[in-house]
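What the coordinates show
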Amino acid sequence: MKILTAVWGTIAVITLSVSAEEVTPAYEVFELMSASSPSDSRSKEWQPGDGITMEVSGMAWFKESLAVAIRKGEIWLIDSPLSLDKENITYRKFASGLHEPLGLTADGDDLLVSQRGEITRLKDSKGDGTADAYLTECDGWNVSGNYHAYAYGPERDGANNLWVTLNLGMGALTNNRIGWRGWGGTIGEDGAFQPKSLGMRSPSGMGRDLAGEMFFSDQQGTWIPATPIYHLRPGVFYGNQESVESLKMPGAPFQMASFPKANVPYPEALSSAPRFVPPAVWLPYNKMGRSATDIELIDQDGRFGPFDGQLLVGEFTNSAINRVFLEKVDGEYQGACFPFMRGLPAAVIRLCFSPQGQLFVGMTNRGWSSLGNRSYGLQRLDYSGSTPFAIQEMRAKPDGFELLFTAPIDAATLSDTAFAVSSYTYKYSSAYGSAEILTKQHAVSGLVVADDGKTVRFRVAEMRALFVHELRTSGIQSTSGAKLEYPNAYYTLNRIPK
C-alpha cells in the first residue's frame, strides 16, 4: 500500500517504510479518491470510491461519517474515512438531483446544503441512510442562468447565525441589479434570506475564528485588485460596485452615503467611503495564490501541529493550501499569510477537520485550469508529530514586527541581512486585478532574540497603514540545522499599534 506524504509543503509518493536517515514528514496524506493521471503508475490500482466522480464542492462531519457534496448534484456519506486500510472505507449515496451544491453543513440529524436557488434541508426520517425529504430552508435571492451565479454556505458563526454568500453573475451585469448578487447574509427564523453586507465578487469560502467571528474569501477580479480574506459582518461594503443596485430593493438593510473613489490607490479609496472596509489579509497575487476558496479554523489542541487558532485557506488555481494568522489592532482585524502546502493534485475547494484532528481536502478543477495534474480528488492530511521549522506568527508592533518561529533559531544565521521588508498597495478600479503599486523598501534594524530562542523582534522604518508589508528572510536555520521551507511572509497592516 502507498500513501502520499507531504514533507512540509512538497508532496511525493513513497511507501509506508521509511529509513531511519529520512526526515520525518510533518503531514502524511492519505488518498481517498482521485482522478488518475494518465502518467500515474498507480492508475491501474483500485482506489476507494472507484466509479464516483468525486468533484468535491462541500464537506461536513456527520454522524461519524464524512458527508461530501459533489458538484454534479450528489451527496455521499463516507464511512470509516479515518482508516489507514482503504478496504475499510465505504461510500453510500445520501442525496441526488441537487443543482450545483457548493456548501454543506450538519444541523443535528439533518444536512443543510446550498443550491443555486436555495439552502435545502435534507432529512432522513426513516433512518436508512438516505435522504427522503428535501425541504427549503432559505431562499429569496435572484436566480438566473448566469454561469457564475453561485450560492455558498451555510456556515455557522459563534452566535449560531447561519451565513450565506452569493456570487456575482459575471459577464452579464443586468443579472446583478436585483436579488442580492454580491451580498452576504444570514438565514432568518422564517427561512428568508436576510441581507447584511455587500461588495463581494466571488465569495466562495467561509469560516470562523476562535472568537466565533466569521471570515470569507474573495477572488481577484473587477474591483478586487488581489485575493482578500475579509471579516464578514453586517453593515459594511467590501468594494465591488457591481452589487450596489440591490440597495434600491425594499429589504436593503442600510444605505450608503457615498461610494468609494475609483482609479486611486486603495488607501485613498477606503478613506472616501465610510462603509468601505479593508481585507483582514491580502494574499498577494501568485506569491500566495490566485483564487482563494474555503476557510477552516485550526482548533485541534496540537493534533495538527503548532498552528492552533490560525486559519487554513484553500487555493484553487495553484492547487495549494495557505495559512493565515490574525490579530485585532484598534478594533480592526489584520495579520499575515504564509504558504502551508503546495503540489496538491487538483484545485482545492473545500477543507474539513475530523473530530480527531485530521484534515480532509476536497478538490475539483470544475473545468477551469489549476496547476494540479488531475481533475478532482479527496485526500486526508494526518499530522505526523514532527514539528516543521516555519514562521508560526507575525505580529505588528508600534515600530516594527515580532516573529515567532516553531523552533529555536541558530543565532549565527541571524545576520544584518536576514530580514528585508518592502510595502505596497493596489489600485482600486473596475479593472480585473491590479499590479502592486507605490512599492517602498524599508530599513530594518534593532534585531533582538528573546530568551526562548524562538521570538525575534525588529524595527521597520516608516511603516505604512493600509499597505501590505512583505517580509523576505534569508539564511535562517534552526538550532537543529533545518531551513525555512517558506522563507517569506505577507502582513496586511490595517492599523499601526500604538
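The following paragraphs examine the structure supplied in this document. Counting restarts for each chain: residues are numbered from 1 in the order of the written sequence. Totals for whole chains, interfaces and linings use every residue, but because this is a predicted model, local features are given only for residues with pLDDT of at least 70 and side-chain atom pairs only at 80 or more, for both listing and counting. Side-chain numbers here rest on the full set of heavy atoms in the structure, without hydrogens or water.

Here we look at the overall build of the protein
The way it works is that DSSP assigns letters per residue, a run of H or I at least four long becomes a helix, a run of E at least two long becomes a strand, and they are numbered from the N terminus. Secondary structure summary: the protein contains 1 helix and 36 strands in total. Our radius of gyration looks at C-alpha atoms and nothing else; its globule reference is 2.2 Å times the residue count to the power 0.38. Against the compact-globule benchmark of 23 Å for 498 residues, the protein has a radius of gyration of 23 Å, which places it among compact chains. The dimensions of the protein, computed from C-alpha atoms along their principal axes, are 65 × 65 × 40 Å. For every residue, the accessible area (1.4 Å probe, protein chains only) is compared with the maximum for its type, and the residue is labelled buried under 20%, exposed over 50%, or partly exposed between those bounds. Counting only residues that meet the buried cut, the protein has 61% of its 498 residues in that class. Of the contacts formed within the protein by residues at least 6 apart in sequence, a portion of 59% connects residues at least 24 apart. The method behind every accessible area is Shrake-Rupley, applied with a 1.4 Å probe, and residues are considered shielded solely by the protein chains displayed. Approximately 18900 Å² of the protein is accessible, and the part contributed by carbon and sulfur atoms is 48%. Taken as two groups, the 45 positive and 54 negative side-chain charges of the protein have centres that lie 6 Å from each other. Note on contacts: a residue pair qualifies if any of its non-hydrogen atoms lie within 4.5 Å across the two residues. Charge assignment: positive for Lys and Arg, negative for Asp and Glu; neither His nor the chain ends contribute. Throughout, a charge is located at the NZ atom of Lys, the CZ atom of Arg, the CG atom of Asp or the CD atom of Glu.

Brief notes about the pairing of strand 12 (residues 151–156)
By this definition, two strands are paired if DSSP reports at least two bridges between them. Note that strand 12 and strand 13 (residues 162–166) share 4 bridges and pair antiparallel. Residue pairing for strand 13: Arg156 is matched across the bridge by Leu162. Between the antiparallel neighbours strand 12 and strand 13 lie 5 residues, among them Asn160 with a positive phi of about 75°.

Remarks on the sheet that holds strand 11 (residues 133–138)
What links the strands of a sheet is backbone hydrogen bonding, and the strands pair in either a parallel or an antiparallel sense. The strand order across the open sheet built from 4 strands is 8-9-10-11, with neighbouring strands paired in antiparallel fashion. Only two strands of the sheet have a single partner each, and these edge strands are strand 8 (104–107) and strand 11. Averaged over all adjacent pairs, the angle separating strand axes in this sheet is 30°, with direction ignored. Note: strand 8 against strand 9 (residues 110–114), 4 bridges, orientation antiparallel. Across the sheet, the residue bridging to Thr105 is Leu112, located in strand 9. Only the stretch in contact is used when a helix axis is fitted, and all axes are lines through C-alpha atoms; the angle between N-to-C directions ranges over 0 to 180 degrees.

Here we look at unusual backbone geometry
At the junction of Gly153 and Pro154, the peptide bond is cis and its omega measures out at -5° in the coordinates. Mapped onto the elements, Pro154 comes out in strand 12. Positive phi outside glycine occurs at Trp223, with the angle close to 70°. When you line up the elements, Trp223 lands in the loop between strand 17 (214–217) and strand 18 (227–232). Residues other than glycine seldom take positive phi values, yet Leu466 does so here, at roughly 70°. In this structure, Leu466 sits in the loop between strand 34 (455–460) and strand 35 (467–473).

Some points on the sheet that holds strand 28 (residues 391–397)
Sheet architecture is open: 4 strands sit in the order 28-29-34-33, paired in antiparallel fashion. Sheet topology places strand 28 and strand 33 (444–449) at the edges, where each strand pairs with a single neighbour. Pairwise comparison of adjacent strand axes, ignoring direction, gives a mean angle of 20° for this sheet.

Considering the nonpolar core
Trp141, Leu198, Phe215, Leu232, Tyr238, Phe276 and Leu326 are the most contacted members of the largest nonpolar core, which totals 59 residues. Looking at this core element by element, the count peaks at 4 residues for strand 13. What we call a nonpolar core is a set of buried Ala, Val, Leu, Ile, Met, Phe, Trp, Tyr and Cys residues that are connected through their side-chain atoms within 4.5 Å.

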